[in-house]
Amino acid sequence: MYRRRTVGLDVVTVLLTLGPLIVHLFGASWAAAGYLVLAPVGFAALVSAFRGYELRSLGDGPAEFQAVARAGGFSALLLMALSYTAQVHVPRSLVFVGVPVAALAVMLVRYGHRRFLHRARSAGDAMKRTLVVGDAVDVSRVSRELMATPYHGYHVAGVCVPSVDRAPTVDGIPVVGAIADVPQVAMDRAIDVVVVAGPSLSGKALRRLSWALDRVGAQLVVVPDLVEVTGPRLTVRPTAGLSLLEVEVGVPRRRLLTKALMDRVVGTALLLVAAPIVGLAALAVRLTSPGAAFYRQTRVGVDGATFTMFKLRSMYVDADARKADLAARNEGAGVLFKMKRDPRVTPVGRFLRRYSIDELPQLLNVVRGDMSLVGPRPPLGDEVARYEDAAHRRLRVKPGLTGLWQVSGRSDLTWEEAMRLDLRYVDNWSVSMDTLILWKTARAVFGAAGAY
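These lines cover the structure that appears in this document, whether it is placed above or below. (Residues numbered from 1 in each chain as written. Predicted model: local features only at pLDDT ≥ 70, side-chain atom pairs only at ≥ 80, totals over all residues. Heavy atoms only, no water.)

Focus: the pairing of strand β2 (residues 154–161)
- The element β2 is extensively covered by neighbouring structure, given that six of its eight residues are classed as buried.
- Relative to β2, strand β1 (residues 128–133) is paired through six bridges, and the arrangement is parallel. Counted as the bridge partner of K128 is Y154 from β2.
- In this fold, β1 hands off to helix α5 (residues 136–148), which returns the chain to β2; that crossover is right-handed.
- The pairing of β2 with strand β4 (residues 173–178) spans three bridges and is parallel. Counted as the bridge partner of V161 is A178 from β4. (Buried < 20%, exposed > 50% of the residue type's maximum accessible area, 1.4 Å probe, protein only. Helix = DSSP H or I, 4+ residues; strand = E, 2+ residues; numbered from the N terminus. Pairing = 2+ DSSP bridges. Right-handed = clockwise from strand over helix to strand, strands pointing away.)

This is the structure in structure tokens:
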């Protein structure tokens, strides 16, 4: 049902977006009629060719948006090739304005459609009945993760463990059978997905389970024993009858260059747009409290290199000197110092922080190359000095103006949660992830959640 709605929405969106332009360009003609038919159908066919309608990618992850972007780019190339090879009149406005706008419109409609799906899943609808299989410890871990993120669409209906003689539940989830009973349980309880957690099933046993589930009609999902490693870093390589799972441990040079280019181009554009806002905010800071409008602070960047970070001053000038006196009232965790009602913050500074306006001067750091648009939070030197071993991993990439921590709760996060998100980003970042984080940052900032 969701896939059919997505196809229908894509077709209608392209028709509504390109239709007025086609009629304007060709008038009431057979050419216009042809374009009106071929444009939505052809675009949907290209999206399908780029796997934009596969159930595994719909409603979750960036793959469906990437498919739409590729379809848009390929559509423009096809129109240009048609114009050149067949000498068919294809207006430039259709290629360079109509197609990009249509692709963007499809992405926005799909995003809204996805939000509708996620709300339905949060209410318990449109879920896949899921059976988790494995040892009690692995089953508990995987079940908690799946239940904590209902928007992925997995409803844990039961678990199967090696022995049913133990507790009748695992973390409140009913034990519905032993591992040997999985195919029968899947059939009796109309299970959609069987998730194998941990090493309880492997090799021939896992293969035979896949055969049995094929007859039942349930999907088989295996949770590899890897921590915070996402799909783009994994590649299955068939070798000598084995399925080797390769984990990417380095970052391809082309991805680094693309990220650097995006930082410079987008950072410069945002800096130009934000300049008037920064100017007005700086004037408000200067007029309402003594001291300079801008605040410079030494932060630690990639591989431990230090740099000067710029911010609009949101605190009184003696804030650093008063920090020690407020240590007992620290509401942060780990090495972070946080207070929801910090008396060092000025009234104007509180407003600037609420909407992250005080951080806009960091766009200059992005343009200079000290920071990236997206990355871990830039730490202070004394924070780095108290890092545990794993925390140093977050210094492998440039700190960011925003990041996973920004779109997942900002200052409301505990130190452990913020560190886990930073390490997840460092290990799995991609240009598409950065784009998604930038989009979510805008929503988080205007919502002002977790900012103080």
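Regarding the nonpolar core
- Counting 28 residues, the largest nonpolar core has L312, L352, Y425 and I437 as its most contacted members.
- Counting residues per element, the ones that place at least two in this core are α8 (253–288), β10 (306–312), α11 (362–368), β11 (372–374), α13 (415–428) and α14 (431–447).
- Ranked by residue count, the leading element in this core is α8, at five residues.
- Core analysis: the second largest hydrophobic core is formed by 23 residues, V14, A44, A71 and L94 among them. (Core = buried A, V, L, I, M, F, W, Y, C linked by side-chain atoms within 4.5 Å.)

A short note on the side chain of T441
- Relative to the assigned elements, T441 resides in helix α14.
- A polar side-chain atom of T441 sits 2.7 Å from the main-chain carbonyl oxygen of I437. (Polar contact = N/O pair within 3.5 Å; in protein donor to acceptor, adjacent residues only side chain to side chain.)

Comments concerning the side chain of Q297
- For Q297, the location among the structural elements is in strand β9 (residues 294–300).
- In terms of polar contacts, Q297 uses its side chain to reach the side chain of Y295, at 3.2 Å.
- At a separation of 2.8 Å, a polar atom in the side chain of Q297 contacts the side chain of R299.
- In this structure Q297 touches F307, T308, M309 and L380, once residues within four positions along its chain are discounted. (Contact = heavy atoms within 4.5 Å.)

Re unusual backbone geometry
- Even without being glycine, R51 reaches a positive phi, approximately 65°.
- Accessibility expressed as a relative area gives 56% for R51, which makes it exposed.
- The backbone of A126 shows a phi angle near 55°, a positive value even though the residue is not glycine.
- A residue is classified by how much of its surface remains accessible, and A126, at 48% relative accessible area, is partly exposed.

Functional significance is not addressed by these values, which are geometric in nature.
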